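# Reading the structure
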Amino acid sequence: MAESISGNGWSIRIDDNGVLSMLGDATPELDRQVGNVMRDLSHDIPAEIISRMKDYSPGRNATDRIQVRTGKLAQTVQGRRKNKGMETVVVVSAGSITVPYARIQEYGGTIRPGPSKTYLRAPLPNILTDAGDVKGEFQLVERAGKWTTAGGVPTWISGRAIMVMSHGKATPIWALMTESRIPPRLGMRKVINGQREEIADKLAGAVRRSVTR
């Protein structure tokens, strides 16, 4: 017959009445052991998600893992313990107000221009640093109603590209797109699902340690 025990911010459902009776005097130690497991999971799961990302390299496959350009998304991946009633849960999250694209990187989807815009723009390889970030002088700024690079070079649109004059030659620096399809590749759910058995083993270990001391 299944029964449940609970402690300070946790509860465990157990099918073995013999083990359950042994836990009766072990609640403080079990609190500590389960808390340690939850603490470790709140660090280990985000670390695994971040480890799936890889450094930027040109010419990637569209379904590949996330490539790190600025590192801003990786910096928002975090885990924390949270009490939910009599249970302790580990909450893993990603994204922020300034990094709103975490959700689409996890679930995938299609990005389209906003209501007031015709195109999305994507930097071309010739204006990227070795790490994949846009070189500062090629950021676009509006000055007196005209668009230039941050370095002060005038820009214009030709076809589906934003152009500049570079070394006397018209050069595309930003591509213009009507939409961008993003595959699911952040992998938060994949990491958690892949660790289900390991998580269960760690919790079982916490129970064993609490009753053998």
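So, here is what we can say about the structure in this document. (Residues numbered from 1 in each chain as written. Predicted model: local features only at pLDDT ≥ 70, side-chain atom pairs only at ≥ 80, totals over all residues. Heavy atoms only, no water.)

## A short note on the overall build of the protein chain
Selection rule: A run of H or I in DSSP counts as a helix once it spans at least four residues, and a run of E counts as a strand once it spans at least two, with each numbered from the N terminus. For every residue, the accessible area obtained with a 1.4 Å probe (protein chains only) is divided by the maximum for its type, and the residue is called buried under 20%, exposed over 50%, and partly exposed between those limits. Note on contacts: a residue pair is in contact if any heavy atoms of the two residues lie within 4.5 Å. Accessible surface is estimated by sampling points in the Shrake-Rupley manner with a 1.4 Å probe; for residues, cover comes only from the protein chains shown.
Helix and strand counts for the protein chain stand at six helices and 14 strands. The buried share of the protein chain, reckoned over its 213 residues, is 32%. Long-range contacts, defined as pairs at least 24 residues apart, comprise 54% of the intrachain contacts of the protein chain with a sequence gap of at least 6. Summing over all exposed atoms, the protein chain offers an accessible surface of approximately 13400 Å²; the carbon and sulfur share of this is 51%.

## Quick look at unusual backbone geometry
Despite not being glycine, Ala144 shows a phi value in the positive range, around 55°. Relative to the elements of secondary structure, Ala144 occurs in the loop between strand 9 (140-143) and strand 10 (146-149). Residue Ala144 is classed as exposed on the basis of its relative accessible area of 84%. A positive phi angle is found at His167, which is not glycine, with a value near 55°. With respect to the helices and strands, His167 occurs in the loop between strand 12 (161-166) and strand 13 (169-177).

## Examining the environment of Ile50
For Ile50, the position within the fold is in helix 2 (residues 27-51). Through-space distance from the C-alpha of Ile50 to that of Met188 is 9.3 Å; in sequence the pair is 138 residues apart. In contact with Ile50, not counting residues within four places along its chain, are Ala74 and Val77.

## Quick notes on the sheet that holds strand 13
What counts here: When DSSP finds two or more bridges between two strands, those strands count as paired. For helices, the fitted axis covers only the stretch in contact; all axes are lines through C-alpha atoms, and the angles between them, taken along N-to-C directions, range from 0 to 180 degrees.
Strand order in the open sheet formed by four strands is 8-13-12-11, with antiparallel pairing between adjacent strands. Since the sheet does not close on itself, it has two edges, and those belong to strand 8 (120-123) and strand 11 (156-158), each with one partner. Averaged over neighbouring strand pairs, the angle between their axes works out to 45° when direction is ignored. Where strand 12 meets strand 13, six bridges bridge the pair, whose relative direction is antiparallel. Bridge assignment links Val164 to a residue of strand 13, and that residue is Thr171.

## Some points on the packing of aromatic side chains
Here is the rule: Working definition: rings of Phe, Tyr and Trp (its six-membered ring) pair if their centres are within 6.5 Å, and the pair is stacked with planes under 30 degrees apart, edge-to-face with planes over 60 apart, and tilted otherwise. Any Lys NZ or Arg CZ found within 6 Å of a ring centre and within 35 degrees of that ring's normal is scored as a charge over the ring.
Taken as a whole and judged by the stated rule, the model has zero aromatic pairs. The positively charged end of Arg121 is found above the aromatic ring belonging to Trp174, 5.1 Å away from the centroid.

## A look at the pattern of salt bridges
For the record, the criterion: Salt bridge criterion: a side-chain nitrogen from Lys or Arg within 4 Å of a carboxyl oxygen from Asp or Glu.
Applying the stated criterion to the full structure yields seven salt bridges. Close ionic contact of Arg181 with Glu179 constitutes a salt bridge, the shortest N to O distance being 3.2 Å. On the accessibility criterion, Glu179 (28% relative accessible area) is partly exposed.

## Some words on the side chain of Thr148
Here is the rule: Polar contact is defined as a pair of N or O atoms within 3.5 Å, subject to the rule that within protein one atom must be able to donate a hydrogen and the other to accept it, and that residues adjacent in sequence are counted only when both atoms are side-chain atoms.
Residue placement: Thr148 occurs in strand 10. Residue Thr148 is classed as buried on the basis of its relative accessible area, which comes to 11%. Side-chain polar atoms of Thr148 contact the side chain of Arg143, separated by 3.5 Å. Beyond its immediate chain neighbours, meaning those up to four positions away, Thr148 contacts Gln139, Leu140, Val141, Arg143, Val153, Pro154 and Thr155.

## A short note on the nonpolar core
Here is the rule: In plain words, nonpolar cores are sets of buried Ala, Val, Leu, Ile, Met, Phe, Trp, Tyr and Cys residues tied together by side-chain atoms within 4.5 Å.
One finds Leu41, Ile45, Ile49, Met53, Leu73 and Leu186 to be the most contacted residues of the largest nonpolar core, which totals 21 residues. Elements that contribute at least two residues to this core include exactly helix 2, helix 3 (72-76), helix 5 (188-194) and helix 6 (196-212). Sort the elements by how many residues they give to this core and helix 2 lands first, with seven residues. In this structure, Leu73 is in contact with Met53, Ile66, Val99, Tyr101, Ala102, Gln105 and Leu186, ignoring residues within four places of it in sequence. Leu128, Val134, Leu140 and Trp174 belong to the second largest nonpolar core, which has ten residues in total.

## Quick word on the pairing of strand 13
Across four bridges, strand 8 lies against strand 13 in antiparallel orientation. Within strand 13, the position partnered with Arg121 by the bridge is Leu176. Connecting strand 12 to the next strand, strand 13, in antiparallel fashion are two residues, including His167 with a positive phi near 55°.

## A closer look at the side chain of Thr76
Topologically, Thr76 is positioned in helix 3. For Thr76, a relative accessible area of 11% puts it in the buried group. In terms of polar contacts, Thr76 uses its side chain to reach the backbone amide nitrogen of Gly95, at 2.7 Å. Residues within four places of Thr76 in sequence aside, it is in contact with Ser93, Ala94, Gly95, Ser96 and Val99.

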